[in-house]
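# Examination of the molecular architecture
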Amino acid sequence: MTAWRLVLLIAASAWLGSHLAHAANRQGQSSNAEGQALAAELRSARPTENLEIRGVLKIRDAGGKRTTVPVRYRFSYSERSWQNIYETEAIGRVPAEKLVVVHTEDQPNRYLHSRADGIHNPPAAPVVLTGDEAMVPFANSDFWLADLGLEFLHWPEQRIVEEAKIKMRKGRSCKVLESINPRAGAAGYTRVRSWIDVEKRQPILAQAYGPNNKLIKEFEIGSVMKVNGQWELKNMEMRTSRTDSQTVLEFTYEQKATE
């Protein structure tokens, strides 16, 4: 699996319930055909086989305290649907959590979230979250549940920002995609601007803005490493502007023995 596919999987809630089931296929007033096509391409990207990867969430909170939380990521798929599963272990006073993001073709994502009742217990029965309910942290990190589902790519308005002043990121030429939340007064993000590598068709950086048009969070892919002959993502980072907190999601891969 290439690094960019892993980014798309990790990098996200059903915003408005069943009446938005086909919202991703309806163009909003500011959409354009190229933006809709690019968002659809990014939404559909996924591995072709089941997989499991372990890693850690390295969290620096608003007060400067640092915490490392073990995390396991799994991907499972069937013909028309697939699941991204994130599970953390209890650490310190942070209980174990589990999130299952269920993707189904032509349907809004479903988010099943569960948290343990105490650090010595497994996660409880899952609760299905929708809309702004998913705008909550995963394992006390800067990643919201909605971030892990890349839900902004399902919003009805998707456009290429031709007037963007910055179209280069990390020395790569990019398309700038702007996704607009149909709920202008949403408590979380109202729009997300993403820089997509023109050649590799992968996100390099994304900025999420709130109702007052102020930057809320910034996501950025980190370094890559060669694993079993393929380039894989080593880490990715989410920064929260208001609190100056930061979370790095770092992955660990198993190298196959060489003959």
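Structure shown above.
Before going into details, it helps to say that this report is about the structure given with it. (Residues numbered from 1 in each chain as written. Predicted model: local features only at pLDDT ≥ 70, side-chain atom pairs only at ≥ 80, totals over all residues. Heavy atoms only, no water.)

### Thoughts on the overall build of the chain
Which entries qualify depends on this criterion: Going along the chain from the N terminus, every DSSP run of H or I of four or more residues is numbered as a helix, and every run of E of two or more is numbered as a strand. Accessibility here uses a 1.4 Å probe with only protein chains present; expressed as a share of the type maximum, an area under 20% marks a residue as buried, one over 50% as exposed, and anything in between as partly exposed. Here, Shrake-Rupley sampling with a 1.4 Å probe gives the accessible areas, and only protein chains in the shown set may cover a residue.
A count of helices and strands for the chain gives 2 helices and 16 strands. Within the chain, buried positions represent 51% of all 259 residues. Within the structure as shown, the chain displays about 13000 Å² of accessible surface, and the carbon and sulfur contribution to it stands at 49%.

### Some words on the nonpolar core
Put simply, the rule reads: Residues enter a nonpolar core if they are buried and are Ala, Val, Leu, Ile, Met, Phe, Trp, Tyr or Cys, with the set joined through side-chain atoms within 4.5 Å. Whether two residues are in contact is decided by their heavy atoms: any pair within 4.5 Å suffices.
One finds Leu57, Leu99, Phe138, Phe143, Leu177 and Tyr189 to be the most contacted residues of the largest nonpolar core, which totals 47 residues. Residue contacts for Leu177: discarding those within four places in its chain leaves Gly35, Leu38, Ala39, Leu42, Leu153, Gln158, Arg159, Ile160, Val192, Arg193, Ser194 and Ile196. In terms of nonpolar packing, the next biggest core, distinct from the first, is built from 7 residues, Val161, Ala164, Val176 and Ile204 among them.

### Things to note about the pattern of salt bridges
Rules: The term salt bridge refers to a side-chain nitrogen of Lys or Arg lying within 4 Å of a carboxyl oxygen of Asp or Glu.
Evaluation of the coordinates by the stated rule reveals 21 salt bridges. Note that Arg60 and Asp244 form a salt bridge whose closest N and O atoms lie 3.7 Å from each other. In this pair, Arg60 sits in strand β1 (residues 51–60) while Asp244 sits in the loop between β15 (235–240) and β16 (245–252), placing the two residues 184 residues apart along the sequence. Three or more residues are tied together by salt bridges with common partners; here these are Glu52, Arg54, Arg72, Arg74 and Glu87.

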